[in-house]
2 protein chains.
Amino acid sequence: MIKHLVVVGVGLIGGSLALDLKQQGLVGKVTGVGRRRANLDKARELGIIDAIADSAAAAVGDADLVLLAVPVGAMGPLFRELAPVLPPGCIITDAGSTKQDVIAAARAGLGERIGQFVPAHPIAGAENSGAEAARPGLYRHKPLVITPLPENAPEAVDRVTALWKACGATVCRLPPERHDQVFAAVSHLPHLVAFALMEELAGRPDADIYFRHAGSGFRDFTRIAGSHPEMWRDISMANKDALVAEMDTFIAKLGDLRDLLKAGDSAALEALFARAREARHNWIKARGH
Amino acid sequence: MIKHLVVVGVGLIGGSLALDLKQQGLVGKVTGVGRRRANLDKARELGIIDAIADSAAAAVGDADLVLLAVPVGAMGPLFRELAPVLPPGCIITDAGSTKQDVIAAARAGLGERIGQFVPAHPIAGAENSGAEAARPGLYRHKPLVITPLPENAPEAVDRVTALWKACGATVCRLPPERHDQVFAAVSHLPHLVAFALMEELAGRPDADIYFRHAGSGFRDFTRIAGSHPEMWRDISMANKDALVAEMDTFIAKLGDLRDLLKAGDSAALEALFARAREARHNWIKARGH
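Keep in mind that what you see is a predicted model, and the values were worked out from it rather than measured. (Residues numbered from 1 in each chain as written. Chains lettered and ligands numbered in written order. Predicted model: local features only at pLDDT ≥ 70, side-chain atom pairs only at ≥ 80, totals over all residues. Heavy atoms only, no water.)

A. Representation of the side chain of N152 of chain B. The topology assignment puts N152 of chain B in the loop between β8 (143-146) and α6 (154-166). Within the structure, N152 of chain B has its side chain in polar contact with the backbone oxygen of G115 of chain B (distance 3.0 Å). (Helix = DSSP H or I, 4+ residues; strand = E, 2+ residues; numbered from the N terminus. Polar contact = N/O pair within 3.5 Å; in protein donor to acceptor, adjacent residues only side chain to side chain.)

Laid out in structure tokens, this is it:
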């Protein structure tokens, strides 16, 4: 049970967590903090938050949990702001898509209070943003990664784990650097590829001919190109090294595939497609949906 | 009204058309032809077809429409088989994802009867295949491209147009070479990219770590990597030149994006992401879903 939850960034991620915890009676009061007042008013109107505070520092006086659900580039100033006013028993957690940079910002900002920060990453992004995108049940059966710090008390990690489990997430743990490398491959790279294809076609003088004939395969492939530009700028920069490495690997892979095609090696193409299809079928089966 | 429709390849595409036409009372009898007897038996059991024939040639004696819904690489022999037995008033149409190669195969196989072939491409592929994947309504609001031949009688083109319109498709016309170039960009390239990513990750020794943390963005991005390997081998080979050109363009684009990232040019990244997002929002809005 959380008495007072402070959500900094009341959008899809932060808002959905608040709704889930409220629905289950696991939270007393929720205070929202954010840059856009209109979004906070909307969040209160929708029953996602109960109160609005002007700043994170002003909100945390009696808080027992703070969720930072803002772009990863915006977290540094928040840690610095919270350090001098954070109550001793209060845990900060986050929902950042990268972990090494957020942890570095937390260490720099929180100093000796770093043990109060439990880094986490819920895998439930969608291309919609803002309080209106929030909905209960978003985290059901979704992976959630916690990358604990050596300074974290086991109870603090358990508390954040329990919170997300209550929302139906499948919680696992990874070292921060492994987290960032895995997500460069399964999330950040696909986002950049989808953005690149959409932007490439949109820039052609006859773009409308292409878009008019694009079907549902294209729609699904490019869904993530509707994601938030600022958020993805921050993620890309925060995870630059791992992402550049994955892009180099993938560009080389596409080059190999292009050469097979150019050479007319239809057997090798079919074998590659078959391995891909089998891997995807197995993944979907294991995933259950 | 079609008295006797012959569907060669009773899978998602051919089966769904048969179901739609039956449901609307626009077809008298449907005969199925295919390589796998079990699939044809299933199609008859499901009410998709009324009769099974051993070969296309054996089926077309009194047919007024033949739909070739087989991988594009399998169409050449069918045109040769049908040429000597095709009734004069019977129209052949197809559902091939590439058009220049199918037209070339039709010219070679049908000879003087080429005017009876009206090339078409319904944009409604999904990763499922076989008769069990067929369903009525598949073509509603989906684009359908006809690439008419100079030899086609206007009535023949109108008849195929009317058929697909009756199923709810949005019919448009393109020259065959333009069709192939547009679909290399909006369909064939994304398929190869999705296959490549799936195969790349599946080949890593620690593949399970990647797949365990992949979320819904990855799921949608790779949906088309579940497509049929043989079908996509044929499409890739059939549209090789246009597809190699699109791959070269896209590999260069990804290289530029990688360089922006490596250089830490966050403003340029954000601007590119924003252009992509805007283009996608506009497309989805124009598309209506």
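B. Examining the domain arrangement of chain A more closely. Residues and elements named next belong to chain A. When its domains are assigned, chain A resolves into domain 1 (2-174) and domain 2 (178-287). Placing the centre of domain 1 and that of domain 2 at their C-alpha centroids yields a distance of 30 Å. Each partner contributes residues to the interface: domain 1 has 18 residues there, and domain 2 has 15 residues. Interface area for domain 1 against domain 2, summed over the two sides, is near 1,400 Å², with a carbon-plus-sulfur share of 63%. (Domains from an automatic or database assignment. Contact = heavy atoms within 4.5 Å. Buried area = accessible area lost by both parts, 1.4 Å probe.)

C. The packing of aromatic side chains, seen in detail. This structure, assessed with the given rule, holds 11 aromatic pairs over all chains. Ring geometry for F273 of chain A against F195 of chain B: centres 4.3 Å apart, planes inclined by 15°, an arrangement best described as stacked. Placement of F273 of chain A in helix α12 (residues 266-287) and of F195 of chain B in helix α7 (residues 176-202) is noted, with the two residues assigned to different chains. Residue classification places F273 of chain A among the buried positions, given a relative accessible area of 0%. Above the face of the Y210 of chain A ring, R204 of chain A is positioned so that its terminal group lies 5.0 Å from the ring centre. (Phe/Tyr/Trp six-rings, centres within 6.5 Å; stacked < 30°, edge-to-face > 60°. Buried < 20%, exposed > 50% of the residue type's maximum accessible area, 1.4 Å probe, protein only. Lys NZ or Arg CZ within 6 Å of the ring centre and 35° of its normal.)

D. Representation of the side chain of D180 of chain B within the structure. Residue and element names in this part refer to chain B. Relative to the elements of secondary structure, D180 occurs in helix α7. One buried charged residue, D180, remains without a salt bridge, the closest side chain of opposite sign being K99 at 6.8 Å. A polar side-chain atom of D180 sits 2.9 Å from a polar atom in the side chain of Q100. Beyond its immediate stretch of four places on either side in the chain, D180 contacts T98, K99, Q100, N239 and A242. (Lys, Arg positive; Asp, Glu negative; His and termini not counted. Salt bridge = Lys/Arg side-chain N within 4 Å of Asp/Glu carboxyl O.)

E. Representation of the nonpolar core in the model. In this structure, V66 and F117 of chain A together with V66, F79 and F117 of chain B are the most contacted members of the largest nonpolar core, which totals 137 residues. When sequence neighbours within four positions are dropped, the list of residues in contact with F117 of chain B reads F79, I92, T93, D94, V102, I103, A106, L110, L149 and N152 of chain B. With 40 residues, the next largest nonpolar core counts I48, I91, I146 and A169 of chain A among its residues. (Core = buried A, V, L, I, M, F, W, Y, C linked by side-chain atoms within 4.5 Å.)

F. Fine view of the relation of the copies chain B and chain A. After a rotation of 180° and a shift along the axis of 0.0 Å, chain B superposes on chain A with an RMSD of 0.0 Å. Those values place the two copies in the arrangement expected of a two-fold rotation axis. When each C-alpha of chain B is compared by its distance to the rotation axis, F221 of chain B comes out closest, at 2.0 Å. Here 100% of the interface residues in chain B have copies in chain A that are interface residues too; the copies meet face to matching face. (Least-squares fit on C-alpha atoms with pLDDT ≥ 70 in both.)

G. Region of interest: the pattern of salt bridges. This structure, assessed with the given rule, holds 46 salt bridges over all chains. Taking the shortest distance from any N to any O, the salt bridge between D206 of chain A and R178 of chain B comes out at 2.5 Å. Of this pair, D206 of chain A sits in the loop between α7 (176-202) and α8 (207-213) while R178 of chain B sits in helix α7, placing the two residues on different chains. Take D206 of chain A: its relative accessible area is 23%, and that puts it in the partly exposed class. Residue R204 of chain B is joined to E246 of chain A by a salt bridge in which the shortest nitrogen-to-oxygen separation is 2.8 Å. Of this pair, R204 of chain B sits in the loop between α7 and α8 (207-212) while E246 of chain A sits in helix α11 (residues 240-262), on two different chains. Of the two residues examined, R204 of chain B and E246 of chain A, each falls in the buried class.

H. Examining the environment of R280 of chain A more closely. With respect to the element layout, R280 of chain A can be found in helix α12. Here R280 of chain A falls in the buried class, since its relative accessible area comes to 5%. With near-sequence residues (within four places) excluded, R280 of chain A lies in contact with M198, R219, T222, R223, A225 and G226 of chain B.

I. Quick look at the interface of chain B and chain A. With 88 residues of chain B in contact, the opposing surface of chain A contributes 88 residues. In total, about 8,300 Å² of surface goes out of reach between chain B and chain A, with carbon and sulfur atoms giving 68% of it. With a closest N to O distance of 2.6 Å, R258 of chain A and D248 of chain B form a salt bridge. Inspection of the region where chain B meets chain A yields 30 residue pairs in polar contact (both at pLDDT 80 or more). The set of elements that each furnish at least two residues to the side of chain B that touches chain A consists of β8, α7, α8, α9 (216-221), α10 (229-238), α11 (240-262) and α12 (266-287) of chain B. Among the elements that line the side of chain B that touches chain A, the one with the most residues is α7 of chain B, at 19 residues.

J. Here's a closer look at α10 of chain B. Burial runs high along α10 of chain B: seven of the 10 residues are buried. Among the residues of α10 of chain B, P229, E230, W232, R233, D234, I235 and S236 of chain B are the ones counted as buried. On its buried face, α10 of chain B is in contact with α11 and α12 of chain A together with α7 and α11 of chain B.

K. Spotlight on the packing of α11 of chain B against α12 of chain B. Residues and elements named next belong to chain B. Interhelical geometry of α11 versus α12 gives an angle of 140° and a closest axis separation of 8 Å. Looking at the two axes, α11 sits oblique to α12. For the pair α11 and α12, the contacting residues are L257, L260 and L261 in the first and A268, L269, L272 and F273 in the second. Of the residues that constitute the contact of α11 with α12, the class distribution is seven nonpolar, no polar and no charged. (Axes fitted to C-alpha atoms, helices over the stretch in contact; angles between N-to-C directions. Parallel < 35°, antiparallel > 145°, perpendicular 65-115°, else oblique. Nonpolar A, V, L, I, M, F, W, Y, C, P; charged D, E, K, R; others polar.)

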